[in-house]
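Summary of structural features
Here's the letter readout for the chains.
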Amino acid sequence: MTAKLDEKLVPIYQDVLHRNPGEKEFHQAVHEVLETLGPVLVKYPEFADKKIIQRICEPERQIIFRVPWQDDQGEIHINRAFRVEFNSALGPYKGGMRFHPSVYLGIIKFLGFEQIFKNALTGLPIGGGKGGSDFDPKGRSDDEIMRFCQSLMTELYRHLGEYTDVPAGDIGVGGREIGYMFGQYKRITNRYESGVFTGKGLDWGGSRARTEATGYGTVFFTHEMLKARGDSLDGKTVVVSGSGNVATYAIEKCHELGAKVIACSDSQGIIVDEKGIDLKALKQIKEIERRRISAYTEIHKDAKYVEGGNIWSVPCDVALPCATQNELNASDAKTLVENGCIAVAEGANMPTTPEGILLFQDAKICYGPGKAANAGGVATSALEMQQNASRDSWTFDYTQKRLEEIMIDIHKNCYETAAEFGAEGNYVLGANVNGFLRVAKAMTAMGVI
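Now for a description of the structure that goes with this document. (Residues numbered from 1 in each chain as written. Predicted model: local features only at pLDDT ≥ 70, side-chain atom pairs only at ≥ 80, totals over all residues. Heavy atoms only, no water.)

1. Quick word on the nonpolar core
The cut-off we apply is this: Throughout this description, the term nonpolar core refers to a set of buried Ala, Val, Leu, Ile, Met, Phe, Trp, Tyr and Cys residues connected via side-chain atoms within 4.5 Å. Burial classification: accessible surface area is computed with a 1.4 Å probe over protein chains only, and a residue below 20% of its type maximum counts as buried, one above 50% as exposed, and the rest as partly exposed. We count a stretch as a helix when DSSP gives it H or I for four or more residues in a row; a strand needs E for two or more, and each element gets its number in order from the N terminus. What makes two residues a contact is simply this: any of their non-hydrogen atoms within 4.5 Å.
In terms of nonpolar packing, the biggest core is built from 55 residues, with Phe 221, Val 238, Val 240, Ile 251, Ile 277, Leu 320 and Ile 410 touching the most fellow members. If you tally residues by element for this core, the top one is helix H9 (residues 210-227), at seven residues. When sequence neighbours within four positions are dropped, the list of residues in contact with Val 240 reads Ala 247, Ile 251, Val 261, Ala 263, Cys 264, Ser 265, Ile 311, Leu 320 and Cys 322. Ranked by size, the runner-up nonpolar core spans 44 residues in total, among them Ile 52, Phe 86, Phe 117 and Val 439.

2. Points about the side chain of Lys 130
Mapped onto the elements, Lys 130 comes out in strand S4 (residues 127-133). What Lys 130 contacts, discounting residues up to four positions off in sequence, is Phe 82, Arg 83, Val 84, Gly 95, Gly 96, Ile 108, Leu 111, Gly 112, Gln 115 and Asp 170.

3. Re the sheet that holds strand S6 (residues 237-241)
What counts here: The criterion for strand pairing is that DSSP finds at least two bridges linking the strands in question. Axis geometry follows a simple rule: fit a line to the C-alpha atoms, using only the stretch in contact for helices, then measure angles between N-to-C directions, giving values from 0 to 180 degrees.
Strand order in the open sheet made by the seven strands is S9-S8-S7-S6-S10-S11-S12, with mixed pairing throughout. Across the chains shown, the open sheet's two edge strands, defined by having one partner strand only, are strand S9 (304-307) and strand S12 (366-368). Across the sheet, the mean angle separating the axes of adjacent strands is 15° when strand polarity is ignored. Where S6 lies against strand S10 (residues 318-321), four bridges are found, and the strand directions are parallel. The partner of Ser 241 across the bridge, within S10, is Pro 321.

4. Let's talk about the environment of Glu 144
This is how the line gets drawn: Definition of a polar contact: a pair of N or O atoms within 3.5 Å, with one able to donate and the other able to accept a hydrogen when the atoms are protein atoms, and with sequence-neighbouring residues admitted only if both atoms are side-chain atoms.
Tracing the sequence through the fold places Glu 144 in helix H7 (residues 142-156). Remark: the alpha-carbon pair of Glu 144 and Asp 71, spanning 73 residues in sequence, is separated by 5.5 Å. Those residues in contact with Glu 144, other than ones at most four positions away along the chain, are Trp 69, Asp 71, Asp 72 and Gln 73. A distance of 3.4 Å separates a polar atom in the side chain of Glu 144 from a polar atom in the side chain of Arg 140. Only 2.9 Å separates the side chain of Glu 144 from the backbone nitrogen of Ser 141, close enough to count as a polar contact.

5. Describing the pattern of salt bridges
Short version of the rule: Here, a salt bridge means any side-chain nitrogen of Lys or Arg that lies within 4 Å of a carboxyl oxygen of Asp or Glu.
Tallying each qualifying case throughout the model produces 28 salt bridges. A salt bridge links Lys 236 to Asp 231, with the shortest nitrogen-to-oxygen separation between them at 2.9 Å. Residue Lys 236 is classed as buried on the basis of its relative accessible area, which comes to 12%. A relative accessible area of 31% places Asp 231 in the partly exposed class.

6. Focus on the layout of surface pockets
Short version of the rule: Lining residues are those with an atom within 4 Å of a point, where the points come from a 1 Å grid over the protein atoms alone and group into cavities, where a 1.4 Å probe fits but cannot get out, or pockets, open sets with protein on both sides within 12 Å along at least five of seven lines. Grid points are joined across faces, edges and corners, and a volume is the space filled by probe spheres set on the points. Nonpolar residues are Ala, Val, Leu, Ile, Met, Phe, Trp, Tyr, Cys and Pro. Charged residues are Asp, Glu, Lys and Arg, and all others, Gly as well, are polar.
Computed from the structure, the second largest pocket encloses a volume of approximately 220 Å³. The wall of the second largest pocket is formed by Gln 54, Arg 55, Glu 58, Glu 60, Phe 86, Asn 87, Ser 88, Ala 89, Met 443, Met 446, Gly 447 and Ile 449. Those elements giving two or more residues to the lining of the second largest pocket turn out to be helix H5 (52-57), strand S2 (76-87) and helix H18 (427-446). Residue classes in the lining of the second largest pocket are distributed as five nonpolar, four polar and three charged.

7. Brief notes about the packing of helix H10 (residues 245-256) against helix H11 (residues 279-288)
Going by this rule: Orientation labels follow simple angle bins: below 35 degrees gives roughly parallel, above 145 gives roughly antiparallel, 65 to 115 gives roughly perpendicular, and whatever is left gives oblique.
Running from N to C, H10 and H11 point in directions that differ by 170°, and their axes come no closer than 11 Å. If you check the angle between H10 and H11, you find them roughly antiparallel. Of the residues in H11, those in contact with Thr 248, Tyr 249, Ile 251 and Glu 252 of H10 are Leu 279, Leu 282, Lys 283 and Glu 287.

8. A word on the packing of aromatic side chains
The criterion, for reference: Note on aromatic pairs: the rings of Phe, Tyr and Trp (six-membered ring only in Trp) are paired at centre separations within 6.5 Å, and the planes decide the class, stacked below 30 degrees, edge-to-face beyond 60, tilted for the rest. Definition used: whenever NZ (Lys) or CZ (Arg) falls within 6 Å of the ring centre and also within 35 degrees of the ring normal, the charge is taken to sit over that ring.
In this structure the tally under the stated criterion is 18 aromatic pairs. Geometrically, the ring pair formed by Tyr 44 and Phe 47 is stacked, given 5.2 Å between the ring centres and 20° between the ring planes. There is no split in this pair, since Tyr 44 and Phe 47 are both buried. The interplanar angle of 90° and the centroid separation of 5.3 Å between the aromatic rings of Trp 69 and Phe 135 together place this pair among those described as edge-to-face. Of the two residues, Trp 69 sits in strand S1 (residues 61-70) while Phe 135 sits in the loop between S4 and H7, which places them 66 residues apart along the sequence. The class of Phe 135 is buried, set by a relative accessible area of 1%. Linked through ring pairs, Phe 26, Phe 86, Phe 113 and Phe 117 together constitute an aromatic cluster. The side chain of Lys 253 reaches across the aromatic face of Tyr 216, ending 4.4 Å from its centre.

9. Considerations on the pairing of S4
Most of S4 sits out of view: seven of its seven residues are buried. Neither face of S4 is open: one carries Gly 127, Gly 129, Gly 131 and Ser 133, the other Gly 128, Lys 130 and Gly 132, and all of them are buried. Direction of pairing for S2 relative to S4: antiparallel, over a ladder of six bridges. Of the residues in S4, the one forming a bridge with Val 84 is Lys 130.

10. So, helix H6 (residues 105-121)
The cut-off we apply is this: In this scheme, a helix's expected span is set at 1.5 Å multiplied by one less than its residue total. Take the seven residues that end at a residue and the seven that start at it, fit an axis to each, and the angle between those axes is the bend at that residue.
Helix length check: H6 (17 residues) gives 25 Å between terminal C-alpha atoms against 24 Å at 1.5 Å per residue, within 8%. Along H6, the sharpest kink reaches roughly 25°, centred on Gln 115. The buried fraction of H6 is high, at 17 of 17 residues. Just downstream of H6, Gly 123 is the residue with a positive phi angle, here 75°.

11. A short note on H18
For H18, with 20 residues, the first-to-last C-alpha span of 29 Å sits near the 28 Å given by 1.5 Å per residue. Within H18, 15 of the 20 residues are buried, leaving the element largely enclosed by the surrounding structure. Where H18 ends, the next residue or the one after it, Gly 447, has phi of about 85°, a positive value.

12. Details of the environment of His 255
Structurally, the position occupied by His 255 is in helix H10. The spatial distance from the C-alpha of His 255 to the C-alpha of Phe 396 is 18 Å, given a sequence separation of 141 residues. The residues touching His 255, leaving out its near neighbours within four places in the chain, are Lys 260, Val 261 and Ile 277. Within the structure, the side chain of His 255 is placed 3.4 Å from the backbone nitrogen of Val 261, a separation counted as a polar contact.

Shown next, in the form of structure tokens:
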């Protein structure tokens, strides 16, 4: 059961369904935004007259192309790649590239649509876009990944530029893949255009704190939600889904702020360590050895590994979904609420189903949607673009301070916008409406384009 749409928005949503058949994740993302915009059209009827919502729901450009490449045995493979340049009203398209077998147009459009509002919330001059491929980097050699990335960029390069479209990493795309893609871009264009990619290595234009930014930002946002209720993270027990980049650094910042993370996961199972997750061991297993999280019990014998386990069944004060979309459903949300969870903040994109969100809101717990809570990653990408533009490099502490300030501002703007529209404490409405207003006002100013 999802929230009902205002009657003025129903035909808009029906048109989205008709024009984008079979793209269920995109439909879900659009519905989640539209269900909060009824009061906006009452206050700003000109947005309806100018069909701003319909224009936002239609990408400015969708690029789909094949990527042929050859493996180490000489066999030729053909993957499909996408770049959806969704909205550039506030700045160049900005959003990551995802390499995963699940990638198809609907996933990229959902991510790109979310990115419009997430990027707007940062207050920085960046538009929304997303890209990726159904290529699976798991089990592939460095040479195979290099050949794939070079083939992909041989087509994609023509659509990119520091004033046009600036990709970054996402699932399956880290510093290695960014390096190969940027190298091919540089080779083809004969330009050292640092600002065309973010997430680069520190030796060649990358930003300190970018690796940590999404996880850190999610925790900063969680801390602000609790502060608004006169509470804090200090002394709280936390569970974090995932054990990749976002999850790892969310765990790190939770520990720094006095919380204790007792569980994390990967696609195979969950680890529960009541003493608190050993971050050094986790990084060794995941970042260096690239093993399954079950290996954690080899280091900590008293920790419990549950193959195929459900991390949301572990009692906690705070839950941080940091893995993938729709990983936390209504049943999970019910379990968290019954076990006394007081706050949920999304480190991943759209990890909670609509039914789960309604349960959290009905229970009056702090719920931070991804477009606000995990905006720290793209915010720090925009800071990387600033450094590249000025040929500068900032310290880790300075970059982290800027990140914290941005997350505090995002929380403040979401909180105040929700209150302005009669829904105090509703961060979903606050994030959607605040982000939408920034984009809608820019689009209105620029005319019908």
